[in-house]
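# Coordinate inspection notes
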Amino acid sequence: MAVIGAVMIFASCALFGVLEAVALSQRVKKLTLCRNYIMRVGEEIRHSRKELPEILRGVKSSVYIENGVWQNTAGLKDEDLSVLYSYAESLGTTDIDGQIKNTNVHIERLDILLCDAVDKNKKCSRLYVSLGVLCGAFLAIIII
Amino acid sequence: MEDEKKLVKNFDSALYALPIKMQECLLSLPPKIKIATSEIRLRADKPLILTVGGAPMWVGKEGVADYLPPKSPIFVAANEINEIYINLCNHSVYTHEDEIKQGFIMMKHAHRAGVCGTVFSGGVRDICSINIRIAKEIKGSADRIISAFDGKGMLIAGPPSSGKTTILRDAVRQLSENFGKRITVIDSRGEIAAVSCAIPENDIGVNTDVITGAEKADGLLCALRTMAPQIVAFDEISTEREVDMIMEGLHSGVSVITTAHIGEGRDLVKRPVTARLLKSGAISKVVILNRVGGNVEILNAKDVTSWQ
């Protein structure tokens, strides 16, 4: 019984570590997608000058804006979401120069967050996995 | 009856940018009021006012309209004005940038919204007033003037809301369809043809080409060079350059039908642009409309030029 419990605790701790590591890489992936999406929308506004609903229908991405709301943003932090919301709110509300500046400002803000996310991912993803496994092993040994 | 239904539909189609509650109140107005309404005036922190038969009319929250203030009039909040402005632009202010700099937004279904606010180099901000002008397509409205058209130029003049654009649109349709004239319309504010996705929403005839969104003088030049029209039609002549382009057309065998804002008939010779146009010989007939849209006076341009 104790062995089964120990194995379960070990597995849970290891899984927790792995999930934390996945969340870190997921954030990097989502932020990159958002950045690319904003860039493509900005390019469409600048070059095609089509109306926003038409542009948003045309730019395909797994993270996207629908009816003024970002979709599929699970895995992003509050600070990331605040940048995305600010972008969605200001989208289409100004002249072309304003839209270009708006796109650039939000891309710069996302770049800073992305740098931070990549950094954390590099530093912490292995650490989280190792910590999860070690903690699990430690608790399992104590139980046994 | 069919015309009335269409006019009611016209009114309803001009409400799409308003907040839902405002739309509901206006949609519930009696058809008589909807038909007679030419403008919806929205001002920040002020009541919503309709222009009905040239006079201001209040609208109550319960969906009634009166020339006297009702118990609970619809008020337009400052944030609602901004919301309406963004909706009018279809959340794409940048696509209407050039129009906004000139103080208007082309709406769907040929309606037009005038906007007031703080002007800066990039456009207008802090929008405080919006005036939605309801387009009216009335087939047969040009019947009275079409027989007077002699193939040379025609100027339709009248005060605001006298029906100049409505008559111009129908004249274009009749000349194109019934008389087989090759016409190019310079629709700088999208009010005549209301082209949407390359198709005119208003009936302007089968033999009509449309240049939308261009400056009138530039559009005229483009039409003369590329479309080989017999007649060029555009709304509201206002600059000397447009007169120059009309004269270019005159000497290339192209006649013009245009409109002009005037207070009364004599303004035609007092306004420098219309005075010059009449003297140029490009106009043969002058149609003067009164404010209510009832009386139509058709005069020879030469007779008008002699007024001083």
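Look up: the structure comes first, before these words.
Basis of the calculations
Residues numbered from 1 in each chain as written. Chains lettered and ligands numbered in written order. Predicted model: local features only at pLDDT ≥ 70, side-chain atom pairs only at ≥ 80, totals over all residues. Heavy atoms only, no water. Helix = DSSP H or I, 4+ residues; strand = E, 2+ residues; numbered from the N terminus. Rg over C-alpha atoms; globule rule 2.2 N^0.38 Å. Buried < 20%, exposed > 50% of the residue type's maximum accessible area, 1.4 Å probe, protein only. Contact = heavy atoms within 4.5 Å. Areas by Shrake-Rupley, 256 points an atom, 1.4 Å probe, with all protein chains shown as cover. Lys, Arg positive; Asp, Glu negative; His and termini not counted. Charge placed at Lys NZ, Arg CZ, Asp CG, Glu CD. Phe/Tyr/Trp six-rings, centres within 6.5 Å; stacked < 30°, edge-to-face > 60°. Lys NZ or Arg CZ within 6 Å of the ring centre and 35° of its normal.

### Description of the overall build of chain A
Looking only at helices and strands, chain A has four helices and two strands in total. Along the chain direction, N to C, the helices and strands of chain A fall in the order α-α-β-β-α-α. For a compact globule of 144 residues, the expected C-alpha radius of gyration is about 15 Å, and chain A comes in at 21 Å, more than 25% above that figure. On the principal axes, the C-alpha backbone points of chain A span a range of 70 × 25 × 20 Å. Within chain A, buried positions represent 35% of all 144 residues. Of all intrachain contacts in chain A linking residues separated by at least 6 positions in sequence, the fraction that spans at least 24 positions is 70%. Of the roughly 8500 Å² of accessible surface on chain A, a fraction of 63% belongs to carbon and sulfur atoms. Between the centroid of the 17 positive side chains of chain A and the centroid of its 16 negative side chains there is a distance of 6 Å.

### Focus: the packing of aromatic side chains
Counted by the stated rule, this structure contains two aromatic pairs over all chains. Ring geometry for A:Tyr37 against A:Trp70: centres 5.5 Å apart, planes inclined by 65°, an arrangement best described as edge-to-face. Pair noted here: A:Tyr37 is in helix H1 (residues 2–47) and A:Trp70 is in strand E2 (residues 69–71), with a separation of 33 residues, a long-range link. For A:Trp70, a relative accessible area of 4% gives the class buried. These aromatic residues form a ring-pair network of at least three members: A:Tyr37, A:Trp70 and A:Tyr87. A cation over a ring is seen here: B:Lys108 above B:Tyr16, with NZ or CZ 4.8 Å from the ring centre. Here the guanidinium or amino end of B:Arg189 rests over the ring plane of B:Phe104, the centre of that ring lying 5.7 Å away.

Everything listed is a geometric property; what it means functionally is a separate question.
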